[in-house]
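Examination of the molecular architecture
If you want the building blocks of each chain, they are given just below.
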Amino acid sequence: MRNRSTLARRFSAQLLRVGIAFTVLVGAGTGVASAADTTTTDTTASFGLLGPVGLAAVLLGVVGMALGVVRARRKAQAEQEAAVVAEAAEVTENAESPSRPALTPYRRPSA
């Protein structure tokens, strides 16, 4: 049987080879040119890298996530309660309209 190779498979294999070669070439060229040129500076800001606006954004994000969790829980609880109410309505509907007709007393025909 012949090797069943489609154009897409050949292209993806060639793309993978090119990607690996590119990664190797780029990875080999990276490095520190001179370790003596690197300097560290001490920052006196107490907020670190975020700053006051960044801290406010992080706080807003955390509060938003908490509110999202609360909203999802309430939605799930409401859906569960709606399912219970629908099931109860179905049970009462089946009780009110039985599958066979109600029995009525026999009356003699008047002739």
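Preceding block: the structure.
A brief report on the enclosed structure follows. These figures come from a predicted structure and were not determined experimentally. (Residues numbered from 1 in each chain as written. Predicted model: local features only at pLDDT ≥ 70, side-chain atom pairs only at ≥ 80, totals over all residues. Heavy atoms only, no water.)

What follows covers the overall build of the protein chain. Each helix and strand in the protein chain was counted, giving 2 helices and 0 strands. Here the protein chain holds 111 residues, and 2% of them are scored as buried. (Helix = DSSP H or I, 4+ residues; strand = E, 2+ residues; numbered from the N terminus. Buried < 20%, exposed > 50% of the residue type's maximum accessible area, 1.4 Å probe, protein only.)

The next point concerns a nonpolar patch on the surface. A contiguous nonpolar surface patch, about 300 Å² in accessible area, is contributed by Leu 16, Ile 20 and Val 24. Positionally, Leu 16 belongs in helix H1 (residues 7-29). Residue Leu 16 is classed as exposed on the basis of its relative accessible area of 55%. (Patch = residues over 30% accessible without salt bridge, like charges linked within 9 Å, V, L, I, M, F, W, Y side chains within 5 Å. Areas by Shrake-Rupley, 256 points an atom, 1.4 Å probe, with all protein chains shown as cover. Salt bridge = Lys/Arg side-chain N within 4 Å of Asp/Glu carboxyl O.)

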